[in-house]
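# Examining the three-dimensional arrangement
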Amino acid sequence: QVQLVESGGGLVQPGGSLTLSCAASGSIHSIYHMGWYRQALEKQRELVAGSTSGGLTNYADSVKGRFTISRDNAKNTVYLQMNSLKPEDTAVYYCNAAVRTTWGSLSDYWGQGTQVTVSS
């Protein structure tokens, strides 16, 4: 089994910053893509930022220039640094990883989600 555990969400004022972390553990052989998604109330889940194992990154247009995704491959951990937060960034943020397990399967795994609320 593979587990993704997120941390770092919370309440922040507009213009503030938060850093989310997601650590993968379990029967991991290798991790390919890791990313962050978010789902606001009554909206569909959307990709926020993604990172390949080689370091390529991509971002949703709405967060470009404000959010930065990074990875520590040795720790199987991905981070999301969020700056200049806006009320419209309020959502549950989910970590996602494409993992090759030690028994050879390749699957997508999700974290449990962490709430980010941007409000004054």
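To start, this report covers the structure provided alongside it. What you are looking at is a predicted structure, and each value in this text was computed from that prediction instead of being measured.

## Structural notes on the sheet that holds strand 7 (residues 67–72)
As summarised here, the arrangement of the four strands in space is 1-3-8-7, forming an open sheet in which the pairing is antiparallel. Edge positions in the open sheet fall to strand 1 (2–7) and strand 7, since each of these has one partner strand only. Each strand of the sheet is rotated relative to its neighbour by a mean of 15 degrees, with strand direction disregarded. Taken together, the six bridges between strand 7 and strand 8 (residues 77–82) define a ladder with antiparallel strand orientation.

## Quick look at the nonpolar core
Counting 29 residues, the largest nonpolar core has Trp36, Val48, Phe67, Leu80, Met82 and Tyr93 as its most contacted members. Counting only elements with at least two residues in this core, the list comes to strand 1, strand 3 (18–26), strand 4 (28–39), strand 5 (46–51), strand 7, strand 8, strand 9 (91–101) and strand 11 (114–118). Broken down by element, this core gets its largest block of residues, five residues, from strand 9. Dropping the residues within four chain positions of it, Val48 is found in contact with Trp36, Tyr37, Arg38, Asn58, Tyr59, Ala60, Val63, Phe67, Leu80 and Tyr93.

## Description of the packing of aromatic side chains
For the structure on display, the rule yields one aromatic pair. Look at Tyr37 and Trp110: their rings are 5.0 Å apart centre to centre, the planes differ by 65 degrees, and that puts the pair in the edge-to-face class. A residue pair is termed long-range when its members are at least 10 positions apart, and Tyr37 in strand 4 and Trp110 in strand 10 (residues 106–110) qualify at 73 residues. In this structure, Arg45 is placed above the aromatic ring of Tyr94, and the distance from its NZ or CZ to the ring centre is 3.8 Å. Taking NZ or CZ as reference, Arg45 lies 4.7 Å from the ring centre of Trp110, over its face.

## So, the environment of Ser51
Summarising the element assignment, Ser51 is placed in strand 5. Exposure remark for Ser51: the relative accessible area of 3% places this residue in the buried category. With 27 residues separating them in the primary sequence, Ser51 and Val78 have C-alpha atoms 8.6 Å apart. Aside from chain neighbours lying at most four places away, what touches Ser51 is Tyr32, His33, Met34, Leu56, Thr57, Ile69 and Arg71.

## Here we look at the pairing of strand 9
Among the 11 residues in strand 9, nine count as buried, and that is most of the element. Relative to strand 9, strand 4 runs antiparallel, the two sharing nine bridges. Bridged to Gln39 within strand 9 is Val92. Examined bridge by bridge, strand 9 and strand 10 share five bridges and lie antiparallel to one another. Along strand 10, the bridge assignment pairs Asn96 with Trp110. Between strand 9 and strand 10, which follow one another and run antiparallel, lie four residues, and Gly104 among them has a positive phi close to 100 degrees.

The rules behind the values
- Residues numbered from 1 in each chain as written.
- Predicted model: local features only at pLDDT ≥ 70, side-chain atom pairs only at ≥ 80, totals over all residues.
- Heavy atoms only, no water.
- Pairing = 2+ DSSP bridges.
- Helix = DSSP H or I, 4+ residues; strand = E, 2+ residues; numbered from the N terminus.
- Axes fitted to C-alpha atoms, helices over the stretch in contact; angles between N-to-C directions.
- Core = buried A, V, L, I, M, F, W, Y, C linked by side-chain atoms within 4.5 Å.
- Buried < 20%, exposed > 50% of the residue type's maximum accessible area, 1.4 Å probe, protein only.
- Contact = heavy atoms within 4.5 Å.
- Phe/Tyr/Trp six-rings, centres within 6.5 Å; stacked < 30°, edge-to-face > 60°.
- Lys NZ or Arg CZ within 6 Å of the ring centre and 35° of its normal.

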